[in-house]
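# Reading the structure
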Amino acid sequence: MADSSNHITCLSRALSQPTLKLAECNDVSPARTIPLHPCRRRMLSSCTSIEVIEPVTSYIEARVLVINTGGTIGMTLHDNGLAPQANAFVKNLRKLPFFHDEKYAQETGLFEYYGDETLVLPLSKNNKRIVYTILEYDPLLDSSNMTTEDWAKIGKDIEKNYESYDGFVILHGTDTMAYTASALSFMCEHLGKVIIVTGSQVPIYEMRNDGRDNFLGALLIAGQFVIPEVCLYFYNKLYRGNRSTKVDTGSFNAFASPNLTPLATAEVDITINWDTVWRANTTAKFQVSPELNRNVGLLRLFPGITAATVRAFLQPPMEGVVLETYGSGNAPDNRKDLLDELKEATDRGVIIMNCTQCLRGTVSASYATGTVLLDAGLLPGSDMTPEAALSKLSYVLAKKDISLDAKKKMMARNLRGEMSADLAGAKLCLRDSRFIQAIAKSLSISCKEELEAIRDALTPPLACAAAKNGDIEALEALKEMGSNLCLGDYDGRTPLHVAACEGNHKVVEYLLGLGASVYAKDRYGDTPLSNAVRFRNKEVVKLLRKTGAHFSKDELDEAGTELCSLAASADLDGLEIWSLAGADLNKPGYDGQAAIGVAQAVGNQKVVAFLVQLLSKKAKTVFGQFNEYDEDDEEENEVIKFIATPTGL
Ligand SMILES: NC(=O)C[C@H](N)C(=O)O
């Protein structure tokens, strides 16, 4: 439906969709239909040459990737008992209104845009639409059949899809769920998004089941909160994955996290225990380390265990063992034969971790029966679960480029919040804060919960103000007060958003060092990266990109139109910053023309030359990094596509 003037009116995917009028364009090519998703509308509205006729919607979408590996949640009854049912999950969920809003999907053309395996939840309390895509594994597995290769496959799939989704849910059997969650927590290095493993005790297809609540709860958390951890969600509680363990075969309340309070509880409201959320203090990009060493094992001490059993267990190729000891890490100190076997193995380079058989508590050297194990060369495993200790060993021992000594040091260090060792004494007492005390006094408040509520309400805006002024000392003082500098204010704006707007490189670096999330979205759906781009802060864009920040799929899809508009107005600075932020310079705009085409059409050779220069710079860095052409690499393809595109030069 072309407009009579030199405007182009684009039809949205359905008649019920709002219509866009693209005004004052340089090109008058025929009208074409463009997909018009709500979040795409928001992007388009920021483009100077486009007028959005209908008001922009007041909600934003979050995308969650669901990896269905199997487990009871999707099982049906077969001749030999419950077994996974392939290709049934999506079909069944689509019929359940609380799992899928068909009307919204049809109106917004969800399936054409995201594919058939995609569903959308009804609007959440926080005005969010959670769009989720299900990736079903073949075959689906009872989790007793899971191997380390399956863990690696999950890890690689998350890595492959990391930039396209806000969060990840892994559907998994309960039997080995705690092992998978623990292993993933180590394999996922510098994680900035949430990964939630969940499943159920009763299949979702049965009338009375726990699968619906577990899956729905996991989706709601994954779509609404940036918790940069591998978690396990079960029976209304979100646990740190590497702290959890299966404790009940017959209850819906099947998991526990004996040594760490839950990260969140889903009662009437979902309450996140932000003080407990683990944040890696790193500025490195997310990556998955899928290699795991399989020469590891769990050995449980019992009265009367023979030295021959221990010797046989510790034989090569065994490289790492979790010894499950009594109480607070004790073993018989009158069994020289046993202790000699252990000592001989550690002398040979086998790493043996001392973990307790008790569900709760830590190993300590308070008994003579504990110190003998230290003398035998065992490493204290603090309060790690056996599942966490085993998968940590498997992960650490697979590292090729570090010495045995460095591996031992890694085992003793708290890598992903799996142990409390480094945390001792780190808790700050609210009551010690003079600032909080003064406020509490004037408000006559004394109870701890109220004090914490005041702190949490006041400190995000204060931290944002400090970030605006570049005042790292003030940020440090707030941190010492027990404030979480990663939290957002009433608009969801975090100090990192503010520092990104201000272009304050030092503050951005400081906040990233504290684990501030580059994926935090404010109420408008903006990330620190989109803020840094808007305010043209080049160095901050570079730093955020180094930490793994990226545009969303919608932002990337719309980048073409933005780049064309920048090319048309000869905005070289804008073009450079969008390119630095990861936009594809070849991406066509709404009319199928890329930025370079627009620059040529308006005869601006300076812009054409600048774009060529940007691309060749990218080519140098891209091809400098890769020895061989990788057809899946987007950056390489961007450069190749550009080189292959006739520029007319
Ligand atoms: N509840 C369950 O999911 C148990 C099942 N055997 C599994 O782990 O796959």
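From a predicted model like this one, the values you see are computed outputs, not experimental measurements. (Residues numbered from 1 in each chain as written. Predicted model: local features only at pLDDT ≥ 70, side-chain atom pairs only at ≥ 80, totals over all residues. Heavy atoms only, no water.)

## Considering the packing of aromatic side chains
Across all of its chains, the model carries 13 aromatic pairs by this definition. Ring geometry for Tyr-162 against Phe-286: centres 3.9 Å apart, planes inclined by 15°, an arrangement best described as stacked. Of this pair, Tyr-162 sits in the loop between α5 (148–161) and β9 (167–171) while Phe-286 sits in the loop between β17 (270–272) and β18 (287–288); the two residues are 124 residues apart in sequence, bridging distant segments of the chain. Owing to a relative accessible area of 4%, Tyr-162 belongs among the buried residues under this scheme. You can call Phe-286 buried: its relative accessible area is 11%. One Lys or Arg, Lys-193, reaches over the ring of Tyr-519 and ends 4.5 Å from the middle of that ring. (Phe/Tyr/Trp six-rings, centres within 6.5 Å; stacked < 30°, edge-to-face > 60°. Helix = DSSP H or I, 4+ residues; strand = E, 2+ residues; numbered from the N terminus. Buried < 20%, exposed > 50% of the residue type's maximum accessible area, 1.4 Å probe, protein only. Lys NZ or Arg CZ within 6 Å of the ring centre and 35° of its normal.)

## Observations concerning the packing of helix α8 (residues 307–314) against helix α9 (residues 336–348)
Running from N to C, α8 and α9 point in directions that differ by 10°, and their axes come no closer than 9 Å. Comparing the axis directions of α8 and α9 gives the class roughly parallel. Of the two possible hands of crossing, α8 and α9 adopt the one that is right-handed. Here Ala-307, Val-310, Arg-311 and Leu-314 of α8 lie close against α9, whose contacting residues are Asp-337, Leu-338, Glu-341, Leu-342, Ala-345 and Arg-348. A breakdown of the residues in the contact of α8 with α9 according to their chemical character gives six nonpolar, no polar and four charged. (Axes fitted to C-alpha atoms, helices over the stretch in contact; angles between N-to-C directions. Parallel < 35°, antiparallel > 145°, perpendicular 65-115°, else oblique. Left-handed = near helix turned anticlockwise from the far one by under 90°. Contact = heavy atoms within 4.5 Å. Nonpolar A, V, L, I, M, F, W, Y, C, P; charged D, E, K, R; others polar.)

## Notes on the site of the ligand
Around the ligand, a shell composed of Gly-71, Thr-72, Met-75, Asp-142, Ser-143, Gly-173, Thr-174, Asp-175, Ser-200 and Gln-201 is seen. A distance of 2.8 Å is found between a nitrogen atom of the ligand and a side-chain nitrogen or oxygen belonging to Asp-175. Between the ligand and Ser-200 there is a distance of 2.9 Å, counted from a nitrogen atom to a backbone nitrogen or oxygen. Its free accessible area being 270 Å², the ligand has 90% of it covered by the protein chains. The residue makeup of the shell around the ligand, split by class, is one nonpolar, seven polar and two charged. (Near = heavy atom within 4 Å. Polar contact = N/O pair within 3.5 Å; in protein donor to acceptor, adjacent residues only side chain to side chain. Areas by Shrake-Rupley, 256 points an atom, 1.4 Å probe, with all protein chains shown as cover.)

## Re the sheet that holds strand β19 (residues 296–300)
Strand order in the open sheet formed by four strands is β19-β20-β21-β22, and the pairing between neighbours is parallel. In the strand order of this sheet, the two ends are held by β19 and β22 (379–380), each with one partner. When strand β20 (residues 320–325) meets strand β21 (residues 351–356), the two strands line up parallel, connected through six bridges. Looking at β21, one finds that Val-322 is bridged to Met-353. (Pairing = 2+ DSSP bridges.)

## Quick notes on the confidence of the model for the chain
Across the chain, the average pLDDT comes to 85, with 82% of residues at or above 70. Every residue in residues 1–57 scores below 50 in pLDDT, and together they form 122 contacts with partners more than four places removed in sequence or on other chains. Note that residues 422–430 has pLDDT below 50 and, in this model, 14 contacts with residues that lie over four places away or in other chains. Confidence estimates for the predicted assembly give a pTM of 0.75 and an ipTM of 0.98. (pLDDT = per-residue confidence, 0-100.)

## Looking at the packing of helix α11 (residues 386–397) against helix α12 (residues 404–412)
Following both chains from N to C, one finds α11 and α12 inclined at 150°, their axes separated by 10 Å at the closest point. Taken together, the axis directions place α11 and α12 in an arrangement best described as roughly antiparallel. Handedness of the crossing formed by α11 with α12: right-handed. Taken together, the residues of α12 that come into contact with α11 (itself represented by Ala-389, Lys-392, Leu-393, Tyr-395, Val-396 and Leu-397) are Lys-407, Met-410 and Met-411.

## So, the nonpolar core
Counting 99 residues, the largest nonpolar core has Ile-158, Leu-544 and Trp-578 as the members making the most contacts within it. At seven residues, the largest contribution of residues to this core is made by helix α6 (residues 177–187). What Leu-544 contacts, discounting residues up to four positions off in sequence, is Leu-496, Ala-500, Val-508, Leu-512, Val-518, Pro-528, Leu-529, Ala-532 and Ala-549. Ile-130, Leu-171, Ala-218 and Leu-238 belong to the second-largest nonpolar core, a separate cluster that totals 34 residues. (Core = buried A, V, L, I, M, F, W, Y, C linked by side-chain atoms within 4.5 Å.)

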